[in-house]
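# Observations on chain architecture
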Amino acid sequence: MYPKLRQIDDKPEAYMKHVNEFVANPVGFFLISGKNGNGKTFTAEAIYGRFYHPHSDNMFWNQADLKMEWQRLYARYGSTDYFFKEVVKAPLLVIDDLGTTRPTESFMEFLYIIADKRHKQKHTHGTVITTNLNSQSMREMFGDAFVSRVASGRCLRHDGPDRRPMLF
């Protein structure tokens with residue numbers, strides 16, 4: 001279902017040190033950035049898989065799916081309060097591919113409030129974020145207040161080669 005941590009142990013030693021330390025104590029933020037195709041999502045899936053249980057409250061979202069669910073719930077119920085509370089209370093939350101598209105102002109507020117609440121829970125809740133953005137691009141897209149929260153824990157940049165085959 002999810003990859004195993006041993007499937008990513010070919011990464012550099014410093015990379016694996018951060019991963020293993022987070023897995024040993026999965027609280028606070030763990031921001032993984034880097035170029036396309038070098039295993040950020042695979043790493044996040046392996047971390048998530050380590051704690052996966054079908055009846056747990058842990059959540060794994062990529063930004064596009066999170067936005068679509070947020071929009072669907074708002075359109076249907078006129079509110080996303082319940083969904084917001086579920087996302088915030090997740091013991092482990094993964095937001096994958098943050099910044100693949102520029103969020104609307106209202107969705108950015110939703111993301112910011114999640115980051116703010118999760119930051120206040122950083123000693124009891126874990127949040128893994130993957131992104132292709134560097135710190136400057138992330139600040140330009142999401143703002144300083146958001147970045148200061150999500151970059152308050154472990155920050156790891158890995159720019160290995162794209163492992164996906166290029167057919168053109």
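Summary of the structure given here. (Residues numbered from 1 in each chain as written. Predicted model: local features only at pLDDT ≥ 70, side-chain atom pairs only at ≥ 80, totals over all residues. Heavy atoms only, no water.)

## Observations concerning the nonpolar core
Leu66, Phe83, Leu98, Phe110, Met138, Phe142 and Phe146 are the most contacted members of the largest nonpolar core, which totals 29 residues. Of all the elements in the fold, those that place two or more residues in this core are strand 1 (28-33), strand 2 (59-62), helix 3 (63-77), helix 4 (81-89), strand 3 (92-98), helix 5 (105-120), helix 6 (135-142) and helix 7 (144-150). With six residues, the single largest contributor to this core is helix 5. For Phe146, the contacting residues outside a window of four places in its chain are Leu98, Met108, Leu111, Tyr112 and Ala115. Counting residues in each nonpolar core, the second largest holds 17 residues, with Phe30, Ile32, Leu92 and Leu156 among its members. (Core = buried A, V, L, I, M, F, W, Y, C linked by side-chain atoms within 4.5 Å. Buried < 20%, exposed > 50% of the residue type's maximum accessible area, 1.4 Å probe, protein only. Helix = DSSP H or I, 4+ residues; strand = E, 2+ residues; numbered from the N terminus. Contact = heavy atoms within 4.5 Å.)

## So, the packing of aromatic side chains
Aromatic ring pairs are described here by two measures, namely the spacing of the ring centres and the angle between the planes. For the coordinates displayed, the defined rule picks out ten aromatic pairs. Plain terms: the ring middles of Phe83 and Phe110 are 6.0 Å apart, the flat faces sit at 10° to each other, and that makes the pair stacked. Of this pair, Phe83 sits in helix 4 while Phe110 is found in helix 5, placing the two residues 27 residues apart along the sequence. Phe110 matches Phe83 in its accessibility class, with the two residues each being buried. One aromatic cluster is present, formed by Trp61, Trp70, Phe83, Phe84, Phe107 and Phe110 through successive ring pairs. The cationic tip of Lys11 hangs over the ring face of Tyr15; the distance from NZ or CZ to the ring centre is 5.6 Å. Over the ring of Phe51 we find Arg50; its NZ or CZ atom is 5.4 Å from the centre of that ring. (Phe/Tyr/Trp six-rings, centres within 6.5 Å; stacked < 30°, edge-to-face > 60°. Lys NZ or Arg CZ within 6 Å of the ring centre and 35° of its normal.)

## Looking at helix 2 (residues 40-51)
Here helix 2 spans 17 Å end to end across twelve residues, near enough to the 16 Å set by a 1.5 Å rise per residue. For helix 2, every residue scored as buried is listed here: Lys40, Thr43, Ala44, Ala46, Ile47 and Tyr48. Residues of helix 2 that are buried sit in contact with helix 1 (13-24), strand 1, strand 2, strand 3 and strand 4 (126-131). (Expected span 1.5 Å × (residues − 1).)

## Some points on the sheet that holds strand 1
Read from one edge to the other, the open sheet built from five strands follows the order 2-3-4-1-5, with strand pairing classed as parallel. The two strands at the open ends of the sheet, each matched to only one other strand, are strand 2 and strand 5 (154-157). Strand after strand, the sheet turns through a mean of 10° between neighbouring axes, direction not considered. Of the pairings in the sheet, the one linking strand 1 to strand 5 comprises four bridges and is parallel in character. (Pairing = 2+ DSSP bridges. Axes fitted to C-alpha atoms, helices over the stretch in contact; angles between N-to-C directions.)

## Overview of empty space enclosed by the protein
Any space left empty among the atoms is revealed by the rolling of a water-sized probe across them. Under the defined criterion, the tally for this structure stands at one cavity of 30 Å³ or more. Quantified by volume, the largest cavity comes out at close to 40 Å³. Breaking the lining of the largest cavity down by element, the ones donating at least two residues are helix 5, strand 4 and helix 7. Sorting elements by how many residues they give to the lining of the largest cavity places helix 5 first, with four residues. (1 Å grid on protein atoms, 1.4 Å probe; cavity = no way out; pocket = protein on both sides within 12 Å on 5 of 7 lines; lining within 4 Å. Points joined across faces, edges and corners; volume = space filled by probe spheres on them.)

## Structural notes on unusual backbone geometry
Excluding glycine, most residues fall at negative phi; most peptide bonds, likewise, are trans. Positive phi values are uncommon outside glycine, yet Asp97 reaches one of about 60°. Its location among the elements puts Asp97 in strand 3. Here Asp97 falls in the partly exposed class, since its relative accessible area comes to 25%.

## Brief notes about the packing of helix 4 against helix 5
Viewed as axis vectors pointing N to C, helix 4 and helix 5 meet at an angle of 40°, and their least axial separation amounts to 9 Å. Put simply, helix 4 runs oblique to helix 5. Once helix 4 is placed against helix 5, the crossing between them reads as right-handed. Within the contact between the two elements, helix 4 uses Phe83, Phe84, Val87, Val88 and Lys89 and helix 5 uses Phe110, Ile113, Ile114, Lys117 and Arg118. Grouping the amino acids of the contact of helix 4 with helix 5 by side-chain chemistry returns seven nonpolar, no polar and three charged. (Parallel < 35°, antiparallel > 145°, perpendicular 65-115°, else oblique. Left-handed = near helix turned anticlockwise from the far one by under 90°. Nonpolar A, V, L, I, M, F, W, Y, C, P; charged D, E, K, R; others polar.)

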